[in-house]
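Descriptive analysis of the structure
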Amino acid sequence: MSTKAKLDWTATDERAVDLVRVLAMDSVQKAGNGHPGTAMSLAPAAYLLFQKLMRHDPADPNWPGRDRFVLSCGHSSLTLYIQLYLSGYGLTLDDLKALRTWGSITPGHPEHRLTPGVETTTGPLGQGIGNAVGMAMGARRERGLFDPDAAPGASPFDHFVYCFVSDGDMEEGISHEVSSLAGHQELGNLIVLYDNNYISIEDNTNIAKSEDVAARFEAYGWHVQKLDWHTADGYHEDVPALYQAFLNAQQHTEAPSFISLRTIIGWPAPNKQNTGAAHGAALGVPEVQATKNILHFDPDVDFPVEDELVSHARQVAERGKQAHAEWEKPFADWARANPERKALFDRMATHRLADGWIEALPTFPPDPKGMATRKASGTILSALAPVLPELWGGSADLAESNLTTMEGEPSFIPANHQTKMWPGNPYGRTLHFGIREHGMGAILNGIALSGGTRVYGGTFLQFSDYMRGAVRLTSMMELPVTFVWTHDSIGLGEDGPTHQPIEHLWSLRNIPNLEVVRPGDANETVIAWRTILERAKPAALCLTRQNLPILDRSGELHGADQVARGGYVLADGTDVILIATGSEVSIALDAREILAGQDISARVVSMPCVEWFNDQDRSYRLEVLPPTIPARVSVEAGITAPWKLFVGDAGGSIGVDHYGASAAYQKIYEEFGITAERVADAAHDSLARVADR
């Protein structure tokens, strides 16, 4: 516990906080919809953080030495927007007036890259706290790469991650996943403020929630403080006490900190405070005017200019500039003393991969017995470990199945939690998410947002369902996160239909910006990893449990380098096109041999990534899938209907349009008709339809 610290908090600061409340009311009132109540009640906490506690430079929102702020309760976007306006991040009163309207930089929920000072896209509740945990983990890894020997708090890479959460965040299950892991990881650089106001859209949260949230975080191992602004004399916003709580949290570096703050939503609106109406709707003109009267603002003036208050608040920009300048000296000292680490820092800052890294990639000799693509991926990761220190990741308790562990690399774990099987240290490289798939997704996003590391996380493809909310945000923010999803089909065999993905590949392909990659053998997996790292976009690498033949490309089969184009001619032919992905590529090649014995020339197109293929120019796509060959068959162990896009009306599809079964994978493929013989039969059918036109 720190000693008592005096807060410089003046009447002007009090008045500025009230201005925040007025602007929140006016913005929602003008928009006609939105969430004013939390922005009103959190006004003192947000202003305190941005003005008195957080290290940030409004002139340089991407300054590496800044603290990070995450508004997990993204519906209260005005909590953030108004602080960005007051702090001088370039937002204007007109931007606040344009809340939730077309073309504005103040959308309904904060969006990364749209608004200066917004660190992550939030809105789906619970995602933000997951991002904050990831940012804290990413910061620790980056410190380990750049400045591992510095004393605590003495490195230019030390900073805090602050996060505001609401009851809604606490109710979402993902908040348990990420908070449990944060406590286990002892993330002393993470400080979370919980707005404990007992109100959500359905009014009093007692209708659905009664647990002691602070006790829950104590059980996770967090440093917990509780403040209540309800007093015997009424509601009193004790800002100095909150300031002290933040200072205590900063000094408690052995664990993440959780400050539970009991507030009244919509304070001080006379009729709608402490109601669900204040949570998610405009207060209405009479209530806004009544509240302005209480706050001693002109009730007939909307969006008051208040130049004096804004000028006072914008002094934080000068303080930020000074803090930035003070940071530059130790950073320059570090850079001079650590030229190799500085070179790594510069490379990561621009997301540039190391010179010569491609030469480290393995190649796999032809082998008819083959190798599972998950095993090939594990070999690739281990080969890249020495040349790409920024690449790291792990698994949701499936490391031995996903094969996501770089050989010989320590775990990212406090020393007291390392195990015999998994030795490690706080700066280690192998991530262990436990059985927390959704939390893993949000944490991966936070790590990607934190800095220049390249991160991946693994589970079974079936359990991408558990991650869907986080994956969508990865894609929305276009983050360079790689999801390693193994056991990608009925080919996993005996675990049965609960573990066998059927609809997943096309479901994931339907997410904009997500690049779904399903390589057909070990060497396609090499090029898949290479391309994913080069493109630096959201990617899903879908890999097999079962062995696949490593194709001999020394003869008529074309090289795997063409994987980077998403689809390519693996084996040429003139009569019918067989389009296959992943484990079904070798089946298509076998079908080609059957058809050749029947004097039918079949072209096999390997289509590891539909998104990459669609990115190619039209001439290339027509070269691979020429309209002069309308007879076509797709082969993929998943749903078939979307393949109509490629096979057309005359084409056919071999796949699985029902759930799987528990048996050896060879038996399942045979029973479900995913065989070379069935593909050949489908080719005949397609040729007949073309002939009948």
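Residues numbered from 1 in each chain as written. Predicted model: local features only at pLDDT ≥ 70, side-chain atom pairs only at ≥ 80, totals over all residues. Heavy atoms only, no water.

When its secondary structure is counted, the protein chain shows 27 helices and 24 strands. A compact globule built from 693 residues would reach a C-alpha radius of gyration of about 26 Å, and the protein chain, at 28 Å, matches this within 12%. Taken over the C-alpha atoms alone, the protein chain extends approximately 90 × 60 × 45 Å along its principal axes. For the protein chain, restricting intrachain contacts to residue pairs at least 6 apart in sequence, the fraction spanning at least 24 positions comes to 75%. Entry remark: accessible area of the protein chain is about 26,000 Å², with carbon and sulfur atoms responsible for 50%. Taken as two groups, the 57 positive and 87 negative side-chain charges of the protein chain have centres that lie 3 Å from each other. (Helix = DSSP H or I, 4+ residues; strand = E, 2+ residues; numbered from the N terminus. Rg over C-alpha atoms; globule rule 2.2 N^0.38 Å. Contact = heavy atoms within 4.5 Å. Areas by Shrake-Rupley, 256 points an atom, 1.4 Å probe, with all protein chains shown as cover. Lys, Arg positive; Asp, Glu negative; His and termini not counted. Charge placed at Lys NZ, Arg CZ, Asp CG, Glu CD.)

The mixed open sheet is built from 5 strands, whose spatial order is E20-E22-E21-E23-E24. With partners counted over all chains shown, the strands left at the sheet margins are strand E20 (568–571) and strand E24 (652–654), one partner each. On average, adjacent strands in this sheet sit at an angle of 30 degrees to one another, irrespective of strand direction. Here helix H22 (residues 585–596) sits on the sheet and contacts E20, strand E21 (576–580) and strand E22 (602–606); the angle it forms with E21, its principal contact strand, is near 160 degrees. Strands E21, strand E23 (632–635) and E24 of the sheet are contacted by helix H27 (residues 676–691), whose axis makes an angle of about 150 degrees with E23. (Pairing = 2+ DSSP bridges. Axes fitted to C-alpha atoms, helices over the stretch in contact; angles between N-to-C directions.)

With that settled, consider the side chain of Arg592. On the secondary structure map, Arg592 appears in helix H22. Residue classification places Arg592 among the buried positions, given a relative accessible area of 11%. A distance of 3.2 Å separates the side chain of Arg592 from the side chain of Glu556, its partner in a polar contact. When neighbours within four sequence positions are excluded, Arg592 is seen to be in contact with Glu556, Ala571, Asp572, Leu578, Ala602 and Val604. (Buried < 20%, exposed > 50% of the residue type's maximum accessible area, 1.4 Å probe, protein only. Polar contact = N/O pair within 3.5 Å; in protein donor to acceptor, adjacent residues only side chain to side chain.)

Per the stated rule, a full pass over the model turns up 29 salt bridges. Ionic pairing is found between Glu211 and Arg216, a salt bridge with its closest N-O pair at 3.9 Å. The exposure class of Glu211 is partly exposed, given its relative accessible area of 39%. Residue classification places Arg216 among the buried residues on the basis of a relative accessible area of 17%. Residue Arg352 is joined to Asp355 by a salt bridge in which the shortest nitrogen-to-oxygen separation is 3.7 Å. Shared partners join several salt bridges into a network, and the residues in it are Asp18, Arg21 and Glu237. (Salt bridge = Lys/Arg side-chain N within 4 Å of Asp/Glu carboxyl O.)

Spatially, 5 strands are ordered E1-E2-E3-E9-E6 in an open sheet, and the strand pairing comes out parallel. Pairing within the sheet leaves two strands with one partner each, and these edge strands are strand E1 (68–71) and strand E6 (223–228). Strand-to-strand, the axes of this sheet are offset by a mean angle of 15 degrees, without reference to chain direction. Judged from the 6 bridges that link them, strand E3 (residues 190–196) and strand E9 (residues 257–262) form a sheet pairing that is parallel. Pairing of Val192 across the sheet is with Phe258, part of E9. Most of the contacts of helix H9 (residues 213–220) go to E6, to which it runs at about 165 degrees, and overall it touches E3, E6 and E9.

Packing of helix H1 (residues 11–31) against helix H3 (residues 43–53) leaves a shortest axis separation of 9 Å and a crossing angle of 125 degrees. Taken together, the axis directions place H1 and H3 in an arrangement best described as oblique. Handedness of the H1/H3 crossing: right-handed. In this structure, H1 contributes Asp13, Ala16, Val17, Val20 and Arg21 to the contact, and H3 contributes Ala43, Pro44, Tyr47 and Lys52. (Parallel < 35°, antiparallel > 145°, perpendicular 65-115°, else oblique. Left-handed = near helix turned anticlockwise from the far one by under 90°.)

Our focus in this paragraph is the environment of Cys163. You can see Cys163 is positioned in strand E2 (residues 161–165). Taking the C-alpha atoms as reference, Cys163 lies 33 Å from Pro299; in sequence the two are 136 residues apart. Beyond its immediate chain neighbours, meaning those up to four positions away, Cys163 contacts Val70, Ser72, Gly128, Ile129, Ala132, Ile191, Val192 and Leu193.

Contact geometry for helix H8 (residues 173–185) and H9: axes closest at 8 Å, N-to-C directions at 45 degrees. Here H9 runs oblique to H8, going by the angle between their axes. For the pair H8 and H9, contact is made by Ser175, His176, Ser179, Ser180, Gly183 and His184 and by Arg216, Phe217 and Tyr220, respectively. Each residue belonging to the contact of H8 with H9 can be placed in one class, and the counts come to 2 nonpolar, 6 polar and 1 charged. (Nonpolar A, V, L, I, M, F, W, Y, C, P; charged D, E, K, R; others polar.)

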